[in-house]
Amino acid sequence: MHRPVPYGKQWITEEDIRAVNEVLLSDFLTQGPKIREFEEAFAHYVGAQYAVAVSNGTAALHLAALALRIDEKTNVITTPITFAASANCVWFCGGNVFFADIHPQTFLIDLNKVRELIESKPKGFFKGLIVVDFSGMPVNLEEFRKLADENNLWIIEDACHAPGGYFVDSDGKKQFCGNGNFADLAVFSFHPVKHITTGEGGMITTNRKDLYEKLLLLRTHGITKDPSVMAENHGGWYYEMHTLGYNYRLTDIQAALGISQLKRADEGLEKRRRIALKYNQELNPLSDYLTLPLWFEGHAYHLYVIRVKNNLRPKLYNYLKEKNIFSQVHYIPLHFMPYYKKTLKELYPLPESEKYYRECLSIPIFPSLSEEDQDYVIDTIKSFFSSKC
Ligand SMILES: *Cc1c(COP(=O)(O)O)cnc(C)c1O
């Protein structure tokens, strides 16, 4: 039996281990100098002005929702094809989630469906839009910003799948995911299956100073020690709590791992793109059975999602599993979740998302996937379909 091949996996080196060990023997274990260093390096990497490190991607989304003042009266549009946390952050703050269907080729939220949804409601009904660079495919935020501006909406970009990804704007310029040029806030996750990892961890990026300052406050209990904003000052020990915040801090131990991982982010991305290109070339002859993801240079290929025709997805999933290849389904549409069925104000069919769900399968892609293991995946998929002919 071939060794197990997962769909995603972390990539840890000796250098990462040394970086973590150094912090363990330093003066700060949490929220010390490594946090700022990681934030600055990450902001630079994605091309944003500000970055706030937090304990995980879900915390990043929660703080983003709080900073944008989501409350009971806030209606937000997002995609059903994403991890639950992308939309859950709206419920965390008491708001309401509305889904717009996906585009069948990109699997991303469809601009035209968003426009239709906005136009079906009175002006001012919606306050915001959460877009997801699903699978690493960057959303064209220039188009979404235009629609958002016309309708007075803020935008959160869930870029958890796409650090290093970019789209090309109408001036021919590369716009990197999370660079803050179009979205008000962008969020990232450093869970082990993501591009870079800190075990658990997250980041929020923005170009808006007002939001940046709010996020810093919300990350640590709403407490400030900045004399320029305090109402009073009783001495060196004094601090003030200005808003209801949380403890969503990242540790210095994690930040050190993040800094070390970030140095290899481009190398990892290059490996992902090479793996994707090889799948596209090798699986192309199976086009009677499979639809392959678009090849696009700016795609960050967090996932490599194939669409399996003729209702063969369950059989292929099981066949791969028998051969020790652990593919996965990303994602079960959120409006299928019992919790969402209960909480959604409007439950309507989303035909492209539902069709996508019946066909999609994420096959292994991660920087440390060996050529031999990728060949094994390709050969196993080919052998499945040759038995079907
Ligand atoms: C991983 C992920 C999250 C949540 O991040 P955690 O760090 O696991 O909390 C949110 N959105 C998307 C699209 C993700 O892939």
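Predicted model, so just to flag it, every value in this text is computed and none were measured.

Participant: Sorry, what's going on with the sheet that holds strand 4 (residues 126-132) here?
Facilitator: Sheets are built from strands that pair by backbone hydrogen bonding, the pairs being arranged parallel or antiparallel. Read across the open sheet, the seven strands follow the order 1-9-8-5-4-2-3; overall the sheet is mixed. Lying at the two open borders of the sheet, with one neighbouring strand each, are strand 1 (50-54) and strand 3 (96-99). The average undirected angle you get between the axes of adjacent strands in this sheet is 25°. As judged from the three bridges shared by strand 5 (residues 154-158) and strand 8 (residues 185-189), these two strands associate in the parallel manner. Residue pairing for strand 8: Glu157 is matched across the bridge by Ala186. Sitting on the sheet, helix 2 (residues 33-46) touches strand 1, strand 8 and strand 9 (202-206), and the angle it makes with strand 1 is about 130°. Relative to strand 8, helix 3 (residues 57-67) is tilted by about 165°, and along the sheet it contacts strand 1, strand 5, strand 8 and strand 9.

Participant: I keep staring at the pairing of strand 2 (residues 75-78) and nothing clicks. Help me out?
Facilitator: Both faces of the sheet carry side chains from a regular strand, because those side chains alternate between them. With burial as the criterion, each face of strand 2 is covered, one bearing Asn75 and Ile77 and the other bearing Val76 and Thr78. In terms of strand pairing, strand 2 meets strand 3 through four bridges, oriented parallel. From the neighbouring strand, Val76 faces strand 3, where its bridge partner is Val97. Taken together, the four bridges between strand 2 and strand 4 define a ladder with parallel strand orientation. Across the sheet, Asn75 pairs through a bridge with Phe126, a residue of strand 4.

Participant: Would you explain the domain arrangement of the chain in this entry?
Facilitator: Many authors give the size of an interface as the accessible area that is lost as the parts come together. Per the domain assignment, the segments of the chain are domain 1 (5-262) and domain 2 (265-386). For domain 1 and domain 2, the distance between their C-alpha centres works out to 25 Å. Facing 48 residues of domain 1, the contacting portion of domain 2 comprises 52 residues. Carbon and sulfur atoms supply 64% of the area that domain 1 and domain 2 bury against each other, a total of about 4,200 Å² over both sides. Area buried by domain 1 at its contact with domain 2 is led by Val5, Tyr7 and Trp11, which between them contribute 20% of it. At the boundary of domain 1 with domain 2, the tally comes to one salt bridge. For the pair domain 1 and domain 2, the interface holds 22 residue pairs in polar contact (both at pLDDT 80 or more). Counting residues per element, the ones that place at least two in the side of domain 1 that touches domain 2 are helix 4 (84-92), strand 3, strand 6 (166-168) and helix 8 (252-262).

Participant: It is not clear to me how the layout of surface pockets should be interpreted in this structure. Could you clarify?
Facilitator: The rolling of a water-molecule-sized probe over the atoms marks out the regions of remaining empty space. One number sums up the size of the largest pocket: a volume of about 340 Å³. What lines the largest pocket is a set of 23 residues, and nearest its centre among them are Phe83, Ser189, His191, Lys194 and Tyr331. Looking at the lining of the largest pocket, the elements with two or more residues in it are helix 3 and helix 4. Top element by residues in the lining of the largest pocket is helix 3. It accounts for three residues. Along the lines of polarity and charge, the residues of the lining of the largest pocket split into nine nonpolar, 11 polar and three charged.

Participant: I'm lost on the site of the ligand in this one. Help?
Facilitator: Lining the immediate surroundings of the ligand are 15 residues, of which Gly57, Thr58, His161, Ser189 and Lys194 lie closest. Between the ligand and Gly57 there is a distance of 2.7 Å, counted from an oxygen atom to a backbone nitrogen or oxygen. One of the side-chain nitrogen or oxygen atoms of Lys194 is found 2.9 Å away from an oxygen atom of the ligand. Considering the ligand on its own, with 380 Å² of exposed area, one finds that the protein chains cover 92% of that surface. Structurally, the ligand is housed in the largest pocket. Taken together, the elements giving at least two residues each to the shell around the ligand come down to helix 3 and helix 4. If one sorts the elements of the shell around the ligand by residue count, helix 3 sits on top with three residues. A breakdown of the residues in the shell around the ligand according to their chemical character gives five nonpolar, eight polar and two charged.

Participant: How should I be thinking about the environment of Lys174 in this particular structure?
Facilitator: Its location among the elements puts Lys174 in strand 7 (residues 174-176). C-alpha separation for the pair Lys174 and Gly298, spaced 124 residues apart in sequence, amounts to 8.5 Å. If sequence neighbours within four positions are ignored, Lys174 has contacts with Tyr166 and Phe167.

Reading guide: rules and limits
- Residues numbered from 1 in each chain as written.
- Predicted model: local features only at pLDDT ≥ 70, side-chain atom pairs only at ≥ 80, totals over all residues.
- Heavy atoms only, no water.
- Pairing = 2+ DSSP bridges.
- Helix = DSSP H or I, 4+ residues; strand = E, 2+ residues; numbered from the N terminus.
- Axes fitted to C-alpha atoms, helices over the stretch in contact; angles between N-to-C directions.
- Contact = heavy atoms within 4.5 Å.
- Buried < 20%, exposed > 50% of the residue type's maximum accessible area, 1.4 Å probe, protein only.
- Domains from an automatic or database assignment.
- Buried area = accessible area lost by both parts, 1.4 Å probe.
- Salt bridge = Lys/Arg side-chain N within 4 Å of Asp/Glu carboxyl O.
- Polar contact = N/O pair within 3.5 Å; in protein donor to acceptor, adjacent residues only side chain to side chain.
- 1 Å grid on protein atoms, 1.4 Å probe; cavity = no way out; pocket = protein on both sides within 12 Å on 5 of 7 lines; lining within 4 Å.
- Points joined across faces, edges and corners; volume = space filled by probe spheres on them.
- Nonpolar A, V, L, I, M, F, W, Y, C, P; charged D, E, K, R; others polar.
- Near = heavy atom within 4 Å.
- Areas by Shrake-Rupley, 256 points an atom, 1.4 Å probe, with all protein chains shown as cover.
- Sits in = over half its atoms within 2 Å of the grid points.

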